[in-house]
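Each chain, written out:
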Amino acid sequence: MDAAMVTAVAALIGGPVAAVAAMYGTRGATRSAREGNAVNGFNSLTDQLQEERKELRADLATVRAELAAEKMETARLRLLVQQLGGTS
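Residues numbered from 1 in each chain as written. Predicted model: local features only at pLDDT ≥ 70, side-chain atom pairs only at ≥ 80, totals over all residues. Heavy atoms only, no water.

With that settled, the discussion passes to the overall build of the protein chain. Looking only at helices and strands, the protein chain features 1 helix and 0 strands. The 88 residues of the protein chain split such that 0% are buried. Total accessible area computed for the protein chain in this model is approximately 7900 Å², and 63% of it derives from carbon and sulfur atoms. (Helix = DSSP H or I, 4+ residues; strand = E, 2+ residues; numbered from the N terminus. Buried < 20%, exposed > 50% of the residue type's maximum accessible area, 1.4 Å probe, protein only. Areas by Shrake-Rupley, 256 points an atom, 1.4 Å probe, with all protein chains shown as cover.)

Turning our attention to a negative patch on the surface. A surface patch of negative charge is lined by Asp47, Glu51, Glu52, Glu55 and Asp59. With respect to the helices and strands, Glu52 occurs in helix α1 (residues 3–83). (Patch = residues over 30% accessible without salt bridge, like charges linked within 9 Å, V, L, I, M, F, W, Y side chains within 5 Å. Salt bridge = Lys/Arg side-chain N within 4 Å of Asp/Glu carboxyl O. Lys, Arg positive; Asp, Glu negative; His and termini not counted. Charge placed at Lys NZ, Arg CZ, Asp CG, Glu CD.)

What follows is about the pattern of salt bridges. Considering all chains together, one arrives at 1 salt bridge under this definition. With a closest N to O distance of 2.8 Å, Arg76 and Glu73 form a salt bridge. Placement of the pair is Arg76 and Glu73 together in helix α1, with a separation of 3 residues, close to one helical turn.

A few words now on a nonpolar patch on the surface. Where nonpolar side chains cluster on the molecular surface, the patch consists of Leu77, Leu80 and Leu84 and spans about 300 Å² of accessible area. Relative to the helices and strands, Leu77 resides in helix α1. What makes Leu77 partly exposed here is its relative accessible area of 38%.

Structure representation (structure tokens):
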């Protein structure tokens, strides 16, 4: 076998091997990108849920304060009714 024949055989074997390696590498990169997008999406969703939860806690604290104020007002009015001779 001369050098030209060895080069031709190497080219015939090397071409498909290089193509398979490129396809495998591209698949791995695509998978990594997909997984990265999933992680980024999960982090984004988690951040949004935490913000929403923080807002809901603030709303809950406001509603609880309003309820406490209403209960105090009701108790004050009952006491006033009793002091004026009525029944509650």
